[in-house]
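Spelled out, the chains give:
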Amino acid sequence: MALKQYKVLIKGKFLPPELIENIENAFTAFRLWEAEDEAAFLTEQGADIDILVTSGNAVMGAPAALIAALPNLKAICSNGVGYDSIDTEAARSRGIVVTNTPEVLNDCVADLGMALLLDVARRISEADRFTRAGYWSQGRFPLSSKIGGKVCGIVGLGNIGQAVARRAQAFDMQIHYYNPRSRPDVPFTRHESLVALAQQADFLVLTLPGGAATRHIINADVLQALGPQGYLINIARGSVVDQQALVASLETGQIAGAGLDVFEQEPQVPDALRQRDNVVITPHIASSTRETMAAMADLVFENMLAIARGEPALTRVV
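Residues numbered from 1 in each chain as written. Predicted model: local features only at pLDDT ≥ 70, side-chain atom pairs only at ≥ 80, totals over all residues. Heavy atoms only, no water.

1. Points about the overall build of the protein
Argument step 1. Secondary structure summary: the protein contains 12 helices and 12 strands in total.
Argument step 2. Its C-alpha atoms give the protein a radius of gyration of 21 Å, within 12% of the compact-globule value 20 Å for 318 residues.
Argument step 3. Each principal axis of the C-alpha distribution contributes one length, and for the protein these read about 70 × 50 × 30 Å.
Argument step 4. For the protein, restricting intrachain contacts to residue pairs at least 6 apart in sequence, the fraction spanning at least 24 positions comes to 60%.
Argument step 5. Total accessible area on the protein is roughly 15100 Å²; 49% of this is exposed by carbon and sulfur atoms. (Helix = DSSP H or I, 4+ residues; strand = E, 2+ residues; numbered from the N terminus. Rg over C-alpha atoms; globule rule 2.2 N^0.38 Å. Contact = heavy atoms within 4.5 Å. Areas by Shrake-Rupley, 256 points an atom, 1.4 Å probe, with all protein chains shown as cover.)

The structure is reproduced here in C-alpha cells:
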C-alpha cells in the first residue's frame with residue numbers, strides 16, 4: 001500500500017511543525033483542529049482514517065469517544081513519553097497499535113527537574129523579582145537552602161528518574177527512591193512506601209507515570225511527611241498530586257515550597273499556586289527544547305512509516 005493511500009488524522013496544532021510537514025508530505029493528512037465542525041468531520045470521514053497522530057498531554061490524547069469515531073483505525077502515534085490521556089484499553093480491545101517517544105526526552109526532562117529543584121531551594125526566581133523591583137537597595141534578600149548533602153527522594157526510578165539521580169549526585173545529594181519494585185541494579189536507598197520516602201527526603205521529585213493507578217498518589221499524608229523543610233518537585237503529571245492538598249500544605253507552611261511543571265487542569269493554574277513566592281511554576285516545558293522536540297518528531301514519523309510498511313513499530317506500548 002503506497003504511503004499516500006494512508007489517511008492520517010492530526011489531532012492538534014501544537015505538534016512540532018516539522019512533524020506535521022513530514023506527515024503531510026508522505027501521507028494523505030487531515031488537520032482536525034481546522035475542521036469547522038469536528039463531529040461532522042468524524043462522521044463523514046472517520047471511517048477512512050488509518051493513523052491518528054496526537055500527544056500524551058491532557059489537552060490532546062485519544063479518548064474512547066474519538067477512537068470509536070475512527071472504526072478502521074490501525075494506529076495511534078503519540079508525540080511524548082506519557083500516554084495516560086490515550087484510552088489504551090479501547091485501543092487494545094480493537095488491536096490498535098499505540099506508540100510513544102521514550103528515551104529521547106529523558107535528559108531534557110531531568111534537566112528541568114533539577115532546574116526547578118535549584119530554583120525553589122535557592123529562591124532564584126523570587127530573587128529575580130526582588131532585584132527587578134528595586135528592593136535590593138532596601139536590604140539583603142532572605143536566605144535560601146543549601147543543596148549539597150540533602151536527600152533527593154525520587155518517586156518512580158525509571159529512565160527519567162535515574163537521569164535526575166545522576167544530576168542530583170553531581171550536586172552531592174543523597175539519592176533515595178520509591179518504586180513499586182526494588183531496583184537491585186542501582187546503588188540508591190529504597191523505601192517501602194511513599195510516606196517513608198517523604199519522611200527522609202528534603203526534595204521529593206516526581207518522575208512516575210500518570211493514569212488512574214497513580215492519581216493523587218501524592219496526598220495530604222505524603223505532604224505532611226515531607227514536612228516544613230521539604231520541597232515537592234513535579235515533572236511527571238499533574239494528576240499524580242492532590243492539588244488541593246498541595247495548596248493547603250503550602251498555605252499552612254506544612255512544606256517549604258514546590259517546583260511544578262505540570263498541573264491537574266492544564267493550562268489552568270490556580271491563583272493559590274501562581275501567587276506564592278515559594279512556588280516556581282513552568283508551563284509543561286520539561287521536554288520543550290529544540291533538540292528533544294526534533295528527536296521526538298523523528299521518532300513519531302519513523303513509527304508511522306514502519307506501521308504503514310507493515311513492519312513492527314519501533315516504540316510500541318500497546
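2. Quick word on the packing of helix H1 (residues 17-26) against helix H12 (residues 290-308)
Between two packed helices, both the angle of their axes relative to each other and the distance between the axes serve to describe the pair.
Argument step 1. Taken N-terminus to C-terminus, the directions of H1 and H12 make an angle of 25°; their axes are 9 Å apart at the nearest point. Put simply, H1 runs roughly parallel to H12. Judged by the twist between their axes, the crossing of H1 over H12 is right-handed. Facing Glu18, Leu19, Asn22, Ile23 and Ala26 of H1, the residues of H12 in contact are Met293, Ala294, Ala297, Val300, Phe301 and Met304.
Argument step 2. Taken together, the residues of the contact of H1 with H12 break down into nine nonpolar, one polar and one charged. (Axes fitted to C-alpha atoms, helices over the stretch in contact; angles between N-to-C directions. Parallel < 35°, antiparallel > 145°, perpendicular 65-115°, else oblique. Left-handed = near helix turned anticlockwise from the far one by under 90°. Nonpolar A, V, L, I, M, F, W, Y, C, P; charged D, E, K, R; others polar.)

3. Looking at the UniProt feature "domain: D-isomer specific 2-hydroxyacid dehydrogenase catalytic" (unreviewed entry) in the protein
Argument step 1. Mapped onto this numbering, the UniProt entry annotates "domain: D-isomer specific 2-hydroxyacid dehydrogenase catalytic" (unreviewed entry) at residues 16-317.
Argument step 2. When the span residues 16-317 is considered, its composition is 37% helix and 14% strand, and the gap between its end C-alpha atoms is 21 Å. (UniProt positions renumbered as here; feature names shortened; annotations may be inferred.)

4. Considering helix H5 (residues 106-122)
Argument step 1. If you check H5, its first and last C-alpha atoms are 24 Å apart, about what 17 residues at 1.5 Å a residue would give, namely 24 Å.
Argument step 2. By the burial criterion, the buried members of H5 are Asn106, Cys108, Val109, Ala110, Leu112, Gly113, Met114, Leu116, Leu117, Asp119, Val120 and Ala121.
Argument step 3. Immediately beyond the C-terminal end of H5, within one or two residues, lies Arg123, with a positive phi of roughly 60°. (Expected span 1.5 Å × (residues − 1). Buried < 20%, exposed > 50% of the residue type's maximum accessible area, 1.4 Å probe, protein only.)

5. A word on the sheet that holds strand S3 (residues 51-54)
Argument step 1. Spatial strand order, S2-S1-S3-S4-S5: five strands in an open sheet with parallel pairing. Looking at strand neighbours, the two that pair on one side only are strand S2 (28-31) and strand S5 (97-99), the edges of this open sheet. Across the sheet, the mean angle from the axis of one strand to that of its neighbour is 20°, orientation sign disregarded.
Argument step 2. Sheet analysis places strand S1 (residues 7-10) next to S3, joined by three bridges and oriented parallel. Each residue of the ladder has a partner; that of Ile10, found in S3, is Val53. (Pairing = 2+ DSSP bridges.)

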